[in-house]
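So the chains spell out like this:
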Amino acid sequence: MTILTVIKNKALLEELKDILTAIQPDAEILSFTDSPKALAAARGKKIDVAFLDAKLTEIDGLLLGQYLKDLYHDINLIVLTRERSTAYDAMALRASGCLLFPMNKDDILQEMRELRNPPGSARQKRVYAQTFGNFELFIDGVPVSFKYSKTKEIIAVLINNKGVQTTNGEIIACLWEDDGDPKVKASYLSNLRQDLQNTLTELNANDIIIKQRGSMAIASDRIECDLFEWLARKNTSKYQYLGDYMNQFSWAEFVHAELDEISYAMEE
(Lines give C-alpha, C1' and ligand atoms only; values in the text may rest on other atoms or scores of the structure.)
Protein backbone atom coordinates (compact mmCIF):
# COMPACT_ATOMS: atom_id res chain seq x y z
CA MET A 1 0.00 0.00 0.00
CA THR A 2 1.23 3.50 -0.84
CA ILE A 3 -0.08 6.41 1.25
CA LEU A 4 0.35 10.06 0.26
CA THR A 5 0.17 12.68 3.03
CA VAL A 6 0.08 16.40 2.22
CA ILE A 7 -0.17 18.94 5.06
CA LYS A 8 1.24 22.46 4.99
CA ASN A 9 2.19 22.36 8.70
CA LYS A 10 5.36 20.28 8.98
CA ALA A 11 4.78 19.31 12.62
CA LEU A 12 1.29 17.98 11.85
CA LEU A 13 2.68 16.20 8.78
CA GLU A 14 5.26 14.38 10.93
CA GLU A 15 2.60 13.53 13.51
CA LEU A 16 0.41 11.93 10.83
CA LYS A 17 3.36 10.05 9.37
CA ASP A 18 4.21 8.61 12.82
CA ILE A 19 0.62 7.47 13.38
CA LEU A 20 0.37 5.85 9.94
CA THR A 21 3.74 4.12 10.39
CA ALA A 22 2.46 2.64 13.65
CA ILE A 23 -0.83 1.34 12.24
CA GLN A 24 0.40 0.46 8.70
CA PRO A 25 4.03 -0.62 9.17
CA ASP A 26 4.25 -2.21 5.72
CA ALA A 27 2.95 0.85 3.86
CA GLU A 28 5.10 3.21 1.83
CA ILE A 29 4.36 6.73 3.05
CA LEU A 30 5.10 9.76 0.86
CA SER A 31 4.94 13.04 2.82
CA PHE A 32 4.86 16.59 1.44
CA THR A 33 4.10 20.12 2.59
CA ASP A 34 4.16 21.28 -1.04
CA SER A 35 1.13 20.31 -3.16
CA PRO A 36 2.77 20.56 -6.64
CA LYS A 37 5.60 18.25 -5.49
CA ALA A 38 3.01 15.83 -4.09
CA LEU A 39 1.16 15.77 -7.41
CA ALA A 40 4.40 15.19 -9.30
CA ALA A 41 5.21 12.23 -7.03
CA ALA A 42 1.72 10.79 -7.54
CA ARG A 43 2.16 10.83 -11.31
CA GLY A 44 5.07 8.44 -10.94
CA LYS A 45 3.64 6.02 -8.39
CA LYS A 46 0.19 4.49 -7.85
CA ILE A 47 -1.34 6.01 -4.71
CA ASP A 48 -3.83 3.93 -2.70
CA VAL A 49 -4.69 6.42 0.07
CA ALA A 50 -4.16 10.19 0.25
CA PHE A 51 -4.53 12.36 3.37
CA LEU A 52 -4.96 15.93 2.12
CA ASP A 53 -4.99 19.20 4.06
CA ALA A 54 -7.93 21.16 2.62
CA LYS A 55 -6.07 24.48 3.05
CA LEU A 56 -2.93 23.78 1.04
CA THR A 57 -1.28 26.65 -0.82
CA GLU A 58 -0.71 26.73 -4.61
CA ILE A 59 -3.08 23.77 -5.16
CA ASP A 60 -5.69 23.49 -2.42
CA GLY A 61 -6.44 20.06 -0.98
CA LEU A 62 -9.79 19.56 -2.70
CA LEU A 63 -8.43 20.48 -6.13
CA LEU A 64 -5.41 18.25 -5.51
CA GLY A 65 -7.84 15.48 -4.60
CA GLN A 66 -9.62 15.90 -7.94
CA TYR A 67 -6.31 15.71 -9.80
CA LEU A 68 -5.47 12.52 -7.92
CA LYS A 69 -8.84 10.98 -8.77
CA ASP A 70 -8.21 11.83 -12.41
CA LEU A 71 -4.99 9.83 -12.13
CA TYR A 72 -6.38 6.93 -10.06
CA HIS A 73 -10.14 6.47 -10.08
CA ASP A 74 -10.06 4.08 -7.09
CA ILE A 75 -7.87 6.23 -4.82
CA ASN A 76 -9.09 6.73 -1.23
CA LEU A 77 -9.09 10.45 -0.39
CA ILE A 78 -9.23 11.50 3.26
CA VAL A 79 -9.66 15.26 3.64
CA LEU A 80 -8.17 17.00 6.69
CA THR A 81 -9.77 20.26 7.76
CA ARG A 82 -10.46 22.65 10.62
CA GLU A 83 -13.93 23.52 9.30
CA ARG A 84 -16.88 21.14 9.48
CA SER A 85 -18.41 22.69 6.36
CA THR A 86 -15.56 21.19 4.32
CA ALA A 87 -17.18 17.79 4.82
CA TYR A 88 -19.79 18.70 2.17
CA ASP A 89 -17.06 19.45 -0.36
CA ALA A 90 -15.38 16.15 0.54
CA MET A 91 -18.65 14.31 -0.08
CA ALA A 92 -18.98 15.95 -3.50
CA LEU A 93 -15.47 14.71 -4.27
CA ARG A 94 -16.55 11.20 -3.22
CA ALA A 95 -13.77 11.15 -0.65
CA SER A 96 -13.37 8.08 1.51
CA GLY A 97 -13.47 10.22 4.67
CA CYS A 98 -13.02 13.61 6.30
CA LEU A 99 -11.18 14.31 9.58
CA LEU A 100 -11.05 17.42 11.71
CA PHE A 101 -7.80 18.79 13.11
CA PRO A 102 -6.36 17.99 15.61
CA MET A 103 -5.97 14.40 14.43
CA ASN A 104 -5.84 11.41 16.73
CA LYS A 105 -4.72 7.84 16.23
CA ASP A 106 -8.15 6.28 16.80
CA ASP A 107 -9.84 8.41 14.14
CA ILE A 108 -7.11 7.72 11.61
CA LEU A 109 -7.25 4.00 12.36
CA GLN A 110 -11.02 4.04 11.85
CA GLU A 111 -10.64 5.76 8.47
CA MET A 112 -8.05 3.19 7.37
CA ARG A 113 -10.38 0.37 8.39
CA GLU A 114 -13.29 1.82 6.40
CA LEU A 115 -11.66 2.82 3.12
CA ARG A 116 -14.08 3.23 0.23
CA ASN A 117 -11.80 1.16 -2.05
CA PRO A 118 -9.65 -1.19 0.06
CA PRO A 119 -6.30 -1.83 -1.68
CA GLY A 120 -5.95 -5.39 -2.88
CA SER A 121 -9.68 -6.09 -2.72
CA ALA A 122 -11.15 -8.45 -5.28
CA ARG A 123 -12.63 -5.73 -7.48
CA GLN A 124 -13.10 -6.65 -11.11
CA LYS A 125 -10.74 -4.64 -13.27
CA ARG A 126 -12.49 -2.23 -15.60
CA VAL A 127 -9.99 -2.57 -18.45
CA TYR A 128 -9.58 -5.76 -20.46
CA ALA A 129 -7.05 -6.21 -23.25
CA GLN A 130 -7.66 -9.01 -25.75
CA THR A 131 -4.50 -10.13 -27.54
CA PHE A 132 -5.38 -13.66 -28.67
CA GLY A 133 -6.81 -13.31 -32.17
CA ASN A 134 -7.16 -9.64 -33.09
CA PHE A 135 -6.16 -7.03 -30.53
CA GLU A 136 -8.96 -5.08 -28.82
CA LEU A 137 -9.19 -2.89 -25.72
CA PHE A 138 -12.35 -2.86 -23.63
CA ILE A 139 -13.36 -0.57 -20.76
CA ASP A 140 -16.43 -1.58 -18.79
CA GLY A 141 -17.10 -4.19 -21.48
CA VAL A 142 -17.20 -1.69 -24.36
CA PRO A 143 -14.50 -1.48 -27.09
CA VAL A 144 -12.58 1.77 -26.77
CA SER A 145 -12.88 4.11 -29.74
CA PHE A 146 -9.91 6.41 -30.35
CA LYS A 147 -9.72 9.36 -32.73
CA TYR A 148 -6.85 7.70 -34.60
CA SER A 149 -6.55 3.98 -35.32
CA LYS A 150 -2.86 4.01 -34.49
CA THR A 151 -3.60 5.22 -30.96
CA LYS A 152 -5.00 1.78 -30.18
CA GLU A 153 -1.90 0.30 -31.76
CA ILE A 154 0.23 2.16 -29.20
CA ILE A 155 -1.63 0.31 -26.43
CA ALA A 156 -1.01 -2.94 -28.28
CA VAL A 157 2.73 -2.20 -28.47
CA LEU A 158 2.89 -1.49 -24.72
CA ILE A 159 1.04 -4.70 -23.89
CA ASN A 160 3.22 -6.67 -26.31
CA ASN A 161 6.21 -5.37 -24.27
CA LYS A 162 4.59 -6.71 -21.06
CA GLY A 163 4.87 -3.64 -18.86
CA VAL A 164 8.41 -2.63 -19.86
CA GLN A 165 8.97 1.08 -20.50
CA THR A 166 8.92 1.58 -24.28
CA THR A 167 10.65 4.61 -25.80
CA ASN A 168 9.08 6.91 -28.37
CA GLY A 169 11.61 5.65 -30.90
CA GLU A 170 10.61 2.05 -30.28
CA ILE A 171 6.94 2.92 -30.65
CA ILE A 172 7.64 4.75 -33.92
CA ALA A 173 9.62 1.76 -35.22
CA CYS A 174 6.63 -0.51 -34.60
CA LEU A 175 3.96 1.81 -35.95
CA TRP A 176 5.73 2.90 -39.15
CA GLU A 177 8.80 0.67 -39.48
CA ASP A 178 11.12 2.53 -41.91
CA ASP A 179 8.42 4.41 -43.77
CA GLY A 180 8.48 8.20 -44.00
CA ASP A 181 10.26 11.24 -42.52
CA PRO A 182 11.31 10.67 -38.85
CA LYS A 183 10.40 14.27 -37.91
CA VAL A 184 6.93 13.88 -39.36
CA LYS A 185 6.44 10.59 -37.55
CA ALA A 186 7.58 12.13 -34.25
CA SER A 187 5.03 14.91 -34.69
CA TYR A 188 2.32 12.38 -35.51
CA LEU A 189 3.26 10.35 -32.41
CA SER A 190 2.77 13.47 -30.30
CA ASN A 191 -0.81 13.73 -31.64
CA LEU A 192 -1.40 10.04 -30.93
CA ARG A 193 -0.16 10.37 -27.37
CA GLN A 194 -2.51 13.32 -26.82
CA ASP A 195 -5.42 11.29 -28.25
CA LEU A 196 -4.48 8.44 -25.91
CA GLN A 197 -4.44 10.71 -22.89
CA ASN A 198 -7.69 12.49 -23.80
CA THR A 199 -9.59 9.26 -24.47
CA LEU A 200 -8.44 7.46 -21.32
CA THR A 201 -9.06 10.56 -19.19
CA GLU A 202 -12.63 10.80 -20.49
CA LEU A 203 -13.12 7.14 -19.54
CA ASN A 204 -11.46 7.66 -16.14
CA ALA A 205 -8.83 5.05 -17.00
CA ASN A 206 -5.64 7.02 -17.57
CA ASP A 207 -3.95 5.18 -14.69
CA ILE A 208 -3.32 2.18 -16.97
CA ILE A 209 -0.44 4.08 -18.63
CA ILE A 210 2.79 4.78 -16.74
CA LYS A 211 4.55 7.72 -18.40
CA GLN A 212 8.17 8.73 -18.15
CA ARG A 213 10.04 11.31 -20.15
CA GLY A 214 10.27 9.92 -23.66
CA SER A 215 8.71 6.55 -22.87
CA MET A 216 5.53 4.79 -21.73
CA ALA A 217 4.52 1.44 -20.25
CA ILE A 218 1.29 -0.41 -19.58
CA ALA A 219 0.45 -0.80 -15.89
CA SER A 220 0.03 -4.57 -16.09
CA ASP A 221 -1.40 -4.84 -12.56
CA ARG A 222 -4.26 -2.45 -13.38
CA ILE A 223 -5.72 -4.30 -16.35
CA GLU A 224 -6.96 -7.77 -17.15
CA CYS A 225 -5.23 -9.29 -20.18
CA ASP A 226 -5.48 -12.75 -21.71
CA LEU A 227 -1.74 -12.71 -22.52
CA PHE A 228 -0.63 -11.85 -18.98
CA GLU A 229 -3.07 -14.32 -17.42
CA TRP A 230 -1.99 -17.18 -19.70
CA LEU A 231 1.73 -16.54 -19.22
CA ALA A 232 1.24 -16.57 -15.45
CA ARG A 233 -1.06 -19.61 -15.19
CA LYS A 234 -0.59 -21.61 -18.40
CA ASN A 235 -3.00 -24.59 -18.41
CA THR A 236 -4.92 -23.31 -15.37
CA SER A 237 -5.65 -19.93 -17.01
CA LYS A 238 -9.22 -19.10 -17.98
CA TYR A 239 -7.73 -17.88 -21.30
CA GLN A 240 -6.01 -20.32 -23.63
CA TYR A 241 -3.59 -19.52 -26.42
CA LEU A 242 -4.70 -21.26 -29.63
CA GLY A 243 -2.06 -20.01 -32.03
CA ASP A 244 -3.38 -16.53 -32.84
CA TYR A 245 -1.89 -13.36 -31.37
CA MET A 246 -2.51 -9.71 -32.33
CA ASN A 247 -3.18 -10.84 -35.88
CA GLN A 248 -3.45 -7.33 -37.36
CA PHE A 249 0.10 -6.27 -36.39
CA SER A 250 3.19 -7.60 -38.19
CA TRP A 251 5.54 -6.39 -35.43
CA ALA A 252 3.85 -8.85 -33.01
CA GLU A 253 5.34 -11.84 -34.86
CA PHE A 254 8.34 -12.15 -32.53
CA VAL A 255 6.20 -12.56 -29.40
CA HIS A 256 3.85 -14.75 -31.43
CA ALA A 257 6.77 -17.12 -32.07
CA GLU A 258 7.65 -17.11 -28.36
CA LEU A 259 4.08 -18.04 -27.46
CA ASP A 260 4.17 -20.90 -29.97
CA GLU A 261 7.32 -22.25 -28.32
CA ILE A 262 5.76 -22.06 -24.86
CA SER A 263 2.62 -23.77 -26.14
CA TYR A 264 4.59 -26.58 -27.80
CA ALA A 265 6.61 -27.15 -24.62
CA MET A 266 3.41 -27.46 -22.60
CA GLU A 267 2.18 -30.22 -24.91
CA GLU A 268 5.32 -32.35 -24.60
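Structure: see above.
What you see is a predicted model; the values in this text were computed from it and never measured.

### Examining the packing of helix H6 (residues 149-160) against helix H8 (residues 182-202)
Two quantities define a packed helix pair, namely the angle between the axes and the distance from one axis to the other.
Turning to step 1, where the next piece is worked out: At a minimum axis separation of 9 Å, H6 and H8 run at an interaxial angle of 80 degrees. It follows from the interaxial angle that H6 and H8 lie roughly perpendicular. Residues Lys150, Thr151, Ile154 and Ile155 of H6 lie in contact with H8, whose contacting residues are Leu189, Leu192, Asp195 and Leu196.
Turning to step 2, where the next piece is worked out: Split into classes, the residues belonging to the contact of H6 with H8 amount to five nonpolar, one polar and two charged.

### Quick word on unusual backbone geometry
Turning to step 1, where the next piece is worked out: Across the junction of phenylalanine 101 and proline 102, the peptide omega takes the value -5 degrees, indicating a cis bond.
Turning to step 2, where the next piece is worked out: Take proline 102: it is sitting in the loop between strand S5 (97-100) and helix H5 (105-113).
Turning to step 3, where the next piece is worked out: With a phi angle near 55 degrees, asparagine 204 is a residue other than glycine that sits in the positive phi range.
Turning to step 4, where the next piece is worked out: Summarising the element assignment, asparagine 204 is placed in the loop between H8 and strand S10 (209-212).
Turning to step 5, where the next piece is worked out: You can call asparagine 204 partly exposed: its relative accessible area is 32%.

### Observations regarding helix H1 (residues 10-23)
Turning to step 1, where the next piece is worked out: Taking 1.5 Å per residue as the helical rise, H1 with its 14 residues ought to reach 20 Å, and the 20 Å between its terminal C-alpha atoms agrees with that figure.
Turning to step 2, where the next piece is worked out: Turning to H1, its buried residues number three or more, namely Leu12, Leu13, Leu16, Ile19, Leu20 and Ile23. Buried residues of H1, viewed axially, fall in a sector of 130 degrees; they line one side. Counted as exposed and oriented over 90 degrees from the buried face of H1: Lys10, Ala11 and Asp18.
Turning to step 3, where the next piece is worked out: In this structure, the buried side of H1 is in contact with strand S1 (2-6), strand S2 (28-32), strand S3 (49-53), strand S4 (76-81) and H5.
Turning to step 4, where the next piece is worked out: Residue asparagine 9 occupies the N-cap position of H1, its side-chain oxygen lying 2.9 Å from the main-chain nitrogen of alanine 11.

### Things to note about the pairing of S1
Turning to step 1, where the next piece is worked out: Counting buried positions along S1 gives five out of five residues, so the element sits mostly inside the fold.
Turning to step 2, where the next piece is worked out: With burial as the criterion, each face of S1 is covered, one bearing Thr2, Leu4 and Val6 and the other bearing Ile3 and Thr5.
Turning to step 3, where the next piece is worked out: The sheet contact formed by S1 and S2 spans five bridges and is parallel. Bridged to threonine 2 within S2 is glutamate 28.
Turning to step 4, where the next piece is worked out: You can see the chain leave S1, run along H1 and come back into S2, and the turn it takes is right-handed.
Turning to step 5, where the next piece is worked out: By the bridge criterion, four bridges tie S1 to S3 in an arrangement that is parallel.

What counts and how
Residues numbered from 1 in each chain as written. Predicted model: local features only at pLDDT ≥ 70, side-chain atom pairs only at ≥ 80, totals over all residues. Heavy atoms only, no water. Axes fitted to C-alpha atoms, helices over the stretch in contact; angles between N-to-C directions. Helix = DSSP H or I, 4+ residues; strand = E, 2+ residues; numbered from the N terminus. Parallel < 35°, antiparallel > 145°, perpendicular 65-115°, else oblique. Contact = heavy atoms within 4.5 Å. Nonpolar A, V, L, I, M, F, W, Y, C, P; charged D, E, K, R; others polar. Buried < 20%, exposed > 50% of the residue type's maximum accessible area, 1.4 Å probe, protein only. Expected span 1.5 Å × (residues − 1). Arc of directions from axis to C-beta. Polar contact = N/O pair within 3.5 Å; in protein donor to acceptor, adjacent residues only side chain to side chain. Pairing = 2+ DSSP bridges. Right-handed = clockwise from strand over helix to strand, strands pointing away.

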